[in-house]
Amino acid sequence: MRRITVVAIGAGDRMNAYTEYARLYPEELEIAAVVEPNPLRREQYASTFGIPVAQAFASWEECLQRPRMADAVFLCTPDPLHYRPALAALEKGYHILLEKPIAQSWEQCSEIASRAAACGRIVGVCHVLRYHPYYRKIKAVLESGVLGEVISVSHRIEIGIERMTHSFVRGLWRKERESNPILLSKACHDLDLIVWLTGRKCRSAESCGSLKWFRACNAPAGSTHRCVDGCAVEQECPYSAVELYYRKKRWLRHFDLEGGEDPDAVIRKELQEGPYGRCVYRCDNDVADNQVAVMQLEGNITVDFSLNGFTREGGRRTRIVCSRGELSGDEKRLAVTAFRKEPEVYDFSDTYGECNFHGGADLHLVADFLKAVRAGSAAHFPARIEEVLESHRIAFEIEKKRKMHDVI
Ligand SMILES: NC(=O)c1ccc[n+]([C@@H]2O[C@H](COP(=O)([O-])OP(=O)(O)OC[C@H]3O[C@@H](n4cnc5c(N)ncnc54)[C@H](O)[C@@H]3O)[C@@H](O)[C@H]2O)c1
């Protein structure tokens, strides 16, 4: 089996998850170079994978100016840094494993897809849930025909208040211009699942939703700019940064704690000075905190979809009703009921959550991408860009509808 070499661009959370594959299977994947502007992360990553200093870059421009140095790039930069590096990498002849969302507009997404086709390169998009055992089971049940024809899909994503405030109020995905609408940055997986599971494109859609809660007008009396500024309601506030990061020590993934400093001191500094210490009612966020959509797919399949940030736990719930039965599940448990038969229940609690690399899905996706690169063909790679463009098209269209209603 030929070993595939890769340039790792953006050595953050997701890159570390995907390139764990190189640590587990070094005979299949070698990391030839890294691009990461954060010196701490760059050095740590280079040392983990034995990357020489000359192959560790601070900017993608510098790296992609050089002659091609690997078979592929893994592109795991923040959302606004997908489009230009992707085009530059294709220009140099790299295949790409590209984090979702593909880019920040439908035009950019289509351009990457058409350039990839023109250069004969593979672009795989990290829709990892297509590889998750729970969703694969749903897909297999629907394809088996045991439930008949799909009539209607009901799907909801509950983000959970911790992830909502960490990512979409205080953090990296809080502003549309610096990332994407929440529908893209969080729910493009969900729209992709709907398209993939039904095998149908979308014919029409409506949507409404807004940034209802995390705004200054809802700040409680006595609250302050930062949770550590003597906020009078910190002890009872469900969104307290002190509670989340300092007392519970959760969601510290963007704090760079491994720099040799006392972790508590790093967290205290962040709460005093950094974006994660801000009061949730006084951030510069603009992405919605709740949204619903209804869609009609080809074949008159109806879909109702909802997203919100106000549940204690995060998770996804799906119910699909068909002409001869129904299925419903919450990612931990899947019940499949053919009418006139007893329900069959499958337990997926072992693979639940993002720990364990999305139930192993991250690593399966990488394995499949490497196979496609080795074969020089994405024909058998389910998350190739041509396949996943539809979910991005839907997301951009739905978002237009939401904005129309929000303005009205
Ligand atoms: N597939 C999924 O399930 C999933 C989950 C979370 C995030 N994402 C997406 O993955 C991407 C990365 O997210 P993350 O959670 O790993 O974020 P992250 O912040 O942990 O990692 C991004 C890295 O890119 C680096 N970076 C910034 N500017 C750069 C530049 N000019 N060149 C190279 N690197 C640069 C940052 O310093 C950081 O280390 C985003 O597009 C995000 O929306 C996908």
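Residues numbered from 1 in each chain as written. Predicted model: local features only at pLDDT ≥ 70, side-chain atom pairs only at ≥ 80, totals over all residues. Heavy atoms only, no water.

As summarised here, the arrangement of the six strands in space is β3-β2-β1-β4-β5-β6, forming an open sheet in which the pairing is parallel. Edge strands, defined here as strands with exactly one partner in the open sheet, are β3 (56–57) and β6 (123–125). Across six bridges, the pairing between strand β1 (residues 4–9) and strand β2 (residues 29–35) is parallel. Paired with I4 across the strands is L29, a residue of β2. (Pairing = 2+ DSSP bridges. Helix = DSSP H or I, 4+ residues; strand = E, 2+ residues; numbered from the N terminus.)

With that settled, the discussion passes to the packing of aromatic side chains. This structure, assessed with the given rule, holds 15 aromatic pairs. Considering the side-chain rings of F214 and Y239, the 5.1 Å spacing of their centres and the 80° angle between planes classify their relative orientation as edge-to-face. Here F214, found in the loop between β8 (202–210) and α10 (241–247), pairs with Y239, found in the loop between β8 and α10; they are 25 residues apart in sequence, far enough to count as distant. Residue classification places F214 among the buried positions, given a relative accessible area of 1%. Judged by relative accessible area, which is 11%, Y239 ranks as buried. Ring centres 6.4 Å apart and planes at 80° place the aromatic pair Y239 and Y281 in the edge-to-face group. Here the residue Y239 occupies a position in the loop between β8 and α10, and Y281 occupies one in the loop between α11 (263–273) and β9 (290–297), the gap between them amounting to 42 residues. Look at Y281 and you get buried, because its relative accessible area is 7%. We note K249 situated over the ring of Y246; from NZ or CZ to the ring centre the distance is 4.5 Å. (Phe/Tyr/Trp six-rings, centres within 6.5 Å; stacked < 30°, edge-to-face > 60°. Buried < 20%, exposed > 50% of the residue type's maximum accessible area, 1.4 Å probe, protein only. Lys NZ or Arg CZ within 6 Å of the ring centre and 35° of its normal.)

Here the focus is the site of the ligand. Around the ligand there are 28 residues in total, and D13, R14, E36, R41 and D79 lie nearest to it. At a separation of 2.9 Å, an oxygen atom of the ligand approaches a polar backbone atom of R14. W173 is positioned with one of its side-chain polar atoms (N or O) 3.1 Å from an oxygen atom of the ligand. Notes on the ligand: free accessible area 840 Å², of which the protein chains cover 88%. (Near = heavy atom within 4 Å. Polar contact = N/O pair within 3.5 Å; in protein donor to acceptor, adjacent residues only side chain to side chain. Areas by Shrake-Rupley, 256 points an atom, 1.4 Å probe, with all protein chains shown as cover.)

A separate point is the side chain of S152. Position of S152 among the secondary structure elements: in strand β7 (residues 150–158). Residue classification places S152 among the buried positions, given a relative accessible area of 16%. Side chain to side chain, S152 and T302 meet in a polar contact 2.9 Å long.

The buried fraction of helix α9 (residues 188–198) is high, at 11 of 11 residues. Of all the positions in α9, only C188, H189, D190, L191, D192, L193, I194, V195, W196, L197 and T198 are classed as buried.

With mixed pairing, eight strands are arranged side by side in an open sheet as β8-β9-β10-β7-β11-β12-β13-β14. Each edge of the sheet is formed by a strand with only one pairing partner; in this case those strands are β8 and β14 (344–347). Mean inter-strand twist for the sheet, computed between neighbouring axes without regard to direction, equals 10°. As paired elements, β9 and strand β10 (residues 301–308) share eight bridges and run antiparallel to each other. Residue Q291 lies in a different strand from β10, and its bridge partner there is L307. Helix α6 (residues 133–144) contacts β7, β11 (315–322), β12 (325–329), β13 (333–338) and β14 of the sheet and is inclined by roughly 5° relative to β11. Strand contacts of α9: β7, β9, β10 and β11, with the helix running at about 160° to β7, the strand carrying the most contacts. (Axes fitted to C-alpha atoms, helices over the stretch in contact; angles between N-to-C directions. Contact = heavy atoms within 4.5 Å.)

Before going further, it helps to examine helix α13 (residues 361–375). In this model α13 runs 21 Å from its N-terminal to its C-terminal C-alpha over 15 residues, within 8% of the 21 Å that 1.5 Å per residue would give. Those residues of α13 not exposed but buried are A361, D362, L363, L365, V366, D368, F369, L370, A372 and V373. (Expected span 1.5 Å × (residues − 1).)

The next thing to look at is unusual backbone geometry. That bond from K100 to P101 is cis: its omega, -15°, falls within 30 degrees of zero. Assignment of secondary structure puts P101 in the loop between β5 (95–98) and α5 (106–119). Even without a glycine there, the phi angle at K249 is positive, about 55°. Of note, K249 is situated in the loop between α10 and α11. Positive phi outside glycine occurs at W251, with the angle close to 60°. You can see W251 is positioned in the loop between α10 and α11.

Accessible area lost upon the coming together of the parts serves often as the stated size of an interface. The assigned domain composition of the protein is domain 1 (4–121), domain 2 (130–214 + 285–357 + 385–407) and domain 3 (229–281). Spacing between the C-alpha centres of domain 1 and domain 2 amounts to 28 Å. At the boundary of domain 1 with domain 2, total buried surface from both sides reaches about 1,300 Å², with 71% on carbon and sulfur atoms. When residues of domain 1 are sorted by the area they lose upon contact with domain 2, K100, I102 and W106 head the list and together hold 40% of the total. Taken together, domain 1 and domain 2 are joined by zero salt bridges. The interface formed by domain 1 and domain 2 includes six residue pairs in polar contact (both at pLDDT 80 or more). Elements that contribute at least two residues to the side of domain 1 that touches domain 2 include exactly α1 (13–24) and α5. No other element matches α5, which puts five residues into the side of domain 1 that touches domain 2. Taken together, the residues of the side of domain 1 that touches domain 2 break down into nine nonpolar, three polar and three charged. (Domains from an automatic or database assignment. Buried area = accessible area lost by both parts, 1.4 Å probe. Salt bridge = Lys/Arg side-chain N within 4 Å of Asp/Glu carboxyl O. Nonpolar A, V, L, I, M, F, W, Y, C, P; charged D, E, K, R; others polar.)

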